[in-house]
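# Residue-level structure breakdown
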Amino acid sequence: MLKVGVLGAGHLGKIHLRLLQQSDKYELVGFYDENHENGAKIEAEFGYKQFDTIAKLIHAVDVIDIVTPTLSHYKCAKVSIKSGKHVFIEKPISTTVEEAEEIIALAKEYNIKGQVGHVERFNPAFTAVKDMIETPMFIETHRLAEFNPRGTDVPVVLDLMIHDIDAILSVVKSKVKAVHASGVSVLSQSPDIANARIEFENGCVANITSSRISMKNMRKSRFFQKDAYISVDYLDKTCEVVKMKEAPEVPGDFDMILQNAEGDRKQIYFSNPEVSQNNAILDELESFADAINNNKTPIVTLEDGTEALRVAYMIIDSMNEK
């Protein structure tokens, strides 16, 4: 079991603490939170050990789980890595791409492993169909959330849209060629609604919409590729695959056949892949333990987190130009 400590005991930090306590791959040593009063309450209520300095916690563990506000990710990662500790960093990896690149360089220098908390990669609806997504050419995503003051210190692109950016980059094996985006600030100082069109060098286009002032929650993605349409509902944890194949010479009574203007006939068939229920946050944390123990590449690397951040800032820059 890897000894782990958590930096940050806010809303998400408390979830990480609970799951790490349950995990049989980690031994939860304790946590540090800048708000010592809040930390004392958590220690009294749940029994997790509170450390009075970051240095003492880092010294006591093998792995540091960074669940602090984004502005402090770089500082926390830097001191942890320089102490030779593996780091799990909540998304986004850091405030700037330059900071993220330095985190990568430090991780290589000190020979430690790092993973970024892009949790949708572990959503069971996405993992059920990920291997079926082959060279998608059009992708459409909607991530809509009811208003919550938590997270409004950053643009909606870094708060919500970055989940979909990372998932898209994980299945489109091509470089980004161009980004066109627009956004509107409604309640916050930064955009609350954003739409981006990402064009890739291989011709794929992704249309992404995110909002944090919607009347209802929605987290859906649709992937279109030759002879297939794949939909993923991250919120309801369901997925659907619609495929086409050459129509048989003699169709059955219930076969669905389409014929285009050129006379080509295709048979359409539907499937709903089995989705195993899981706790995606626990899965991402335990997959990082497996990567450390087996000396494997983490599923969401520091480089992945940096590339998602780079594209997010391309979107923000495009919005600012307007």
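The model shown is predicted, which means the values in this text are computed figures rather than measured ones.

Burial analysis of strand β9 (residues 205-211) places six of its seven residues in the buried class, which makes it a mostly covered element. When strand β6 (residues 138-144) meets β9, the two strands line up parallel, connected through seven bridges. Considered in β9, the bridge of F138 is made with V205. As defined by bridge partners, strand β8 (residues 193-200) adjoins β9 across seven bridges and the pair is classed as antiparallel. Residue R197 lies in a different strand from β9, and its bridge partner there is N207.

Bringing the sheet that holds strand β14 (residues 265-271) into the picture now. Pairing between the strands of a sheet is mediated by backbone hydrogen bonds and can be parallel or antiparallel. Read from one edge of the open sheet, nine strands run β7-β8-β9-β6-β10-β11-β12-β14-β13, paired in mixed fashion. Among the strands making up the open sheet, the edge pair consists of β7 (176-184) and β13 (256-259). In this sheet, neighbouring strand axes are inclined to one another by 15° on average, regardless of whether the strands run parallel or antiparallel. Across four bridges, β13 lies against β14 in antiparallel orientation. For L258, the partnering residue across the bridge sits in β14 and is K266. Along the sheet, helix α9 (residues 302-321) makes contact with β7 and β8, crossing β7 at roughly 55°.

The rules behind each value
Numbering of residues starts from 1 in each chain and follows the order in which that chain's sequence is written. Whole-chain, interface and lining totals are the exception, using all residues; otherwise, since this is a predicted model, local features are given only for residues with pLDDT of at least 70 and side-chain atom pairs are given and counted only at 80 or more. Derived side-chain values reflect all non-hydrogen atoms in the structure, with water molecules and hydrogen atoms excluded from consideration. Throughout, exposure labels follow a simple rule: accessible area from a 1.4 Å probe, protein chains only, divided by the maximum for the residue type, with under 20% read as buried, over 50% as exposed, and the rest as partly exposed. Here a helix means four or more residues in a row that DSSP labels H or I, a strand means two or more in a row labelled E, and each is numbered from the N terminus. At least two DSSP bridges between two strands are required for those strands to pair. Inter-axis angles, ranging from 0 to 180 degrees, are taken between N-to-C directions of lines fitted to C-alpha atoms, where helices are fitted over the stretch in contact. A contact between two residues is defined here by any heavy atoms of the two lying within 4.5 Å.

These figures capture arrangement, not role.
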